[in-house]
Amino acid sequence: MRKTKQLALHMCLAVPVMSAFGFAVRWMQNISIFDEETHLAAPGATTSWMLVVLSLAALVLFAARLFPLAGSPMSSHPSSDIRGDDRAYRIMALLSGFMVAFGGAMMVLGILGDDEGALRRELGILAFISGCGFIYAGYAGKSKADTPLSAFFSAAPELFACFWLIVSYRDHASNPVIWSYCVEIIAIAVAVLALHFTAGFVFCRPRTYATSLLLCMGAYACSTALGDTRPAAFQLCFAGMGLFFIATMYELIMCASASEHNAGRAPKII
């Protein structure tokens with residue numbers, strides 16, 4: 001149990017550190033690779049290579065550090081493995097839910113500073129519901145993690161992220177400069193996967209290693225995407241999801257145990 005907690009704490013430190021580096025590199029890339037007149041990206045720029053290498057390094061680091069969770073036996077109530085009863089989890093879930101819900105409300109009310117449409121309002125409604133889902137996760141804790149309402153609020157954020165992916169691609173479909181939007185697309189896609197695998201614990205399809213890895217990469221990708229310039233509503237959604245991923249990842253690792261199959265090849269966590 002002590003080593004399990006150590007792994008969870010180490011990952012809660014590693015993910016924000018790598019996320020901060022990702023944000024910084026993406027911010028430097030945005031201010032250095034685009035030509036002021038043509039707005040085209042400079043090919044082979046150092047910061048572009050730095051971002052690619054850093055992202056691959058984050059993936060390898062997280063995958064290696066979480067490897068003891070591969071083949072981890074499931075508990076009898078997997079839905080409670082991704083929820084927590086401690087105060088820290090409840091606060092993080094409440095804060096992340098408030099950010100996403102407020103971002104959704106801004107979309108619905110048209111407080112974005114650009115041309116609005118029905119798609120943005122629909123996206124805002126889904127974001128608001130998703131934010132309420134994060135708040136409910138903190139309120140419900142482990143005891144109510146398998147209720148029908150929990151199932152609904154587990155599926156709603158995934159639907160929101162999928163719809164956001166479609167809207168984001170539609171907004172950037174005519175932009176020939178891939179570097180200007182690819183980080184956002186990748187971040188939303190990773191968030192879709194992280195939310196999908198997290199919902200699997202509620203719908204009796206738990207996968208500890210894949211879920212914990214995707215939660216780490218989801219937090220990293222969302223933080224990296226914050227280095228872009230976009231309306232505040234979307235920035236709030238990225239920040240809120242990243243925070244929720246970290247909180248969920250911590251609770252999942254705390255509930256996991258290393259399998260005997262991996263004990264000889266990687267450090268034990270129990």
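Refer to the structure printed above.
What follows concerns empty space enclosed by the protein. The full count for this structure, using the stated rule, is two cavities of 30 Å³ or more. For the largest cavity, the calculated volume is near 90 Å³. Elements represented by at least two residues in the lining of the largest cavity include exactly helix 4 (118–140), helix 5 (148–172) and helix 6 (182–202). In terms of residue class, the lining of the largest cavity is made up of eight nonpolar, three polar and one charged.

In this structure, the largest pocket spans a volume of roughly 430 Å³. Taken together, 21 residues make up the lining of the largest pocket; nearest its centre are H172, S180, D228, T229 and R230. Contributions of two or more residues to the lining of the largest pocket are made by helix 1 (2–32) and helix 5. The biggest single contributor to the lining of the largest pocket is helix 5, with five residues. Roughly 320 Å³ of internal volume is contained in the second largest pocket. For the second largest pocket, the lining is made up of 15 residues, of which L51, S55, I186, M217 and Y220 are closest to its centre. Listed by contribution, the elements that provide at least two residues to the lining of the second largest pocket are helix 2 (46–65), helix 6 and helix 7 (208–225). Looking at the lining of the second largest pocket residue by residue, the class counts come to 13 nonpolar, two polar and no charged.

Parameters at a glance
- Residues numbered from 1 in each chain as written.
- Predicted model: local features only at pLDDT ≥ 70, side-chain atom pairs only at ≥ 80, totals over all residues.
- Heavy atoms only, no water.
- 1 Å grid on protein atoms, 1.4 Å probe; cavity = no way out; pocket = protein on both sides within 12 Å on 5 of 7 lines; lining within 4 Å.
- Points joined across faces, edges and corners; volume = space filled by probe spheres on them.
- Helix = DSSP H or I, 4+ residues; strand = E, 2+ residues; numbered from the N terminus.
- Nonpolar A, V, L, I, M, F, W, Y, C, P; charged D, E, K, R; others polar.

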